[in-house]
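Residues per chain, in single letters:
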Amino acid sequence: MRVRDAVEADGDALGDLADAPAEVMRNVVHDRTVRVAERGAQDSDETDDAEDERAPEIVGFVGFDAMPGTVRVTYLRGSRAARECLLDEPLRFARKEAMDVEVLVPESETTTVEVVEAAGFRRVGTGPRFEGRRTHEYRFDPRER
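Let us look at the structure shown here.

Some remarks on the overall build of the protein chain
- When you go through the protein chain residue by residue, the secondary structure sums to five helices and seven strands.
- When its helices and strands are written in sequence order, the protein chain yields β-α-α-β-α-β-β-α-β-α-β-β.
- For the protein chain, the proportion of its 145 residues judged to be buried stands at 43%.
- By sequence separation, contacts in the protein chain at least 24 residues apart represent 58% of the contacts at least 6 residues apart.
- Accessible area for the protein chain stands at about 8,200 Å²; split by element, carbon and sulfur atoms hold 44% of it.

What follows is the structure, given as structure tokens:
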């Protein structure tokens with residue numbers, strides 16, 4: 001899996017992953033730090049030449065921004081492996097800047113809950129409702145590690 005900065009042209013793929021309009025996701029790319037995980041032919045079990053010429057596929061993305069003292073993860077979407085890999089991006093930034101990391105996770109997103117808890121986040125409370133769904137707030141303090 002390869003991780004890179006998102007570009008505006010990724011809007012359609014990000015929209016599919018986030019179940020949001022592509023134009024909204026193109027704006028997110030401009031407004032936040034967004035990294036994408038790609039799976040290409042090198043990640044496949046197939047080895048024929050036609051497979052090697054296929055364009056990489058975006059399998060996940062993370063969006064985050066920095067506020068005073070806190071890095072806020074606003075999007076964490078994609079396959080479980082992609083989410084695990086991509087969560088390292090805001091964590092690395094937070095460690096470097098000695099900042100906490102916060103993520104709100106809808107309680108119905110069990111895979112995301114498992115990923116953030118496995119990464120060392122602890123649940124610190126209930127977050128706001130989004131589209132009628134409850135969220136839980138998770139926080140990671142790199143100084144505790």
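Still to come is the rest of the account.
Thoughts on the packing of helix H1 (residues 11-18) against helix H2 (residues 22-31)
- One can describe the packing of H1 onto H2 by two numbers: an axis separation of 8 Å at closest approach and a directional angle of 110°. When the axes of H1 and H2 are compared, the pair comes out roughly perpendicular. For the pair formed by H1 and H2, the contact residues are Gly 11, Asp 12, Leu 14, Gly 15 and Ala 18 on the first element and Ala 22, Met 25, Arg 26 and Val 29 on the second.
- Here the residues of the contact of H1 with H2 are counted per class, giving five nonpolar, two polar and two charged.

Digging into the environment of Arg 26
- As for its position among the elements, Arg 26 is in helix H2.
- Exposure remark for Arg 26: the relative accessible area of 21% places this residue in the partly exposed category.
- Between the C-alpha atoms of Arg 26 and Asp 12, which are 14 residues apart in sequence, the distance is 8.2 Å.
- Those residues within four positions of Arg 26 in sequence are excluded, and the remaining contacts are Glu 8, Gly 11 and Asp 12.

Examining the pairing of strand S4 (residues 70-78)
- By the bridge criterion, eight bridges tie strand S3 (residues 57-67) to S4 in an arrangement that is antiparallel. By the bridge assignment, Met 67 is partnered in S4 with Thr 70.
- Where S3 folds back onto S4 in an antiparallel hairpin, the turn is made up of two residues, including Gly 69, whose phi is positive at roughly 80°.
- As defined by bridge partners, S4 adjoins strand S5 (residues 100-106) across four bridges and the pair is classed as parallel. Each bridged residue has a counterpart across the sheet, and for Thr 70 the counterpart in S5 is Asp 100.
- For the crossover that starts at S4, traverses helix H4 (residues 80-97) and ends in the parallel S5, the hand is right-handed.

Things to note about the nonpolar core
- The biggest cluster of nonpolar side chains holds 22 residues, and the ones touching the most others in it are Val 101, Val 116 and Phe 121.
- Those elements giving two or more residues to this core turn out to be S3, S4, H4, S5, helix H5 (110-118) and strand S7 (133-140).
- Among residues more than four places away in sequence, those in contact with Phe 121 are Leu 87, Leu 91, Val 101, Val 103, Val 116, Tyr 138, Arg 139 and Phe 140.

Conventions used here
Residues numbered from 1 in each chain as written. Predicted model: local features only at pLDDT ≥ 70, side-chain atom pairs only at ≥ 80, totals over all residues. Heavy atoms only, no water. Helix = DSSP H or I, 4+ residues; strand = E, 2+ residues; numbered from the N terminus. Buried < 20%, exposed > 50% of the residue type's maximum accessible area, 1.4 Å probe, protein only. Contact = heavy atoms within 4.5 Å. Areas by Shrake-Rupley, 256 points an atom, 1.4 Å probe, with all protein chains shown as cover. Axes fitted to C-alpha atoms, helices over the stretch in contact; angles between N-to-C directions. Parallel < 35°, antiparallel > 145°, perpendicular 65-115°, else oblique. Nonpolar A, V, L, I, M, F, W, Y, C, P; charged D, E, K, R; others polar. Pairing = 2+ DSSP bridges. Right-handed = clockwise from strand over helix to strand, strands pointing away. Core = buried A, V, L, I, M, F, W, Y, C linked by side-chain atoms within 4.5 Å.

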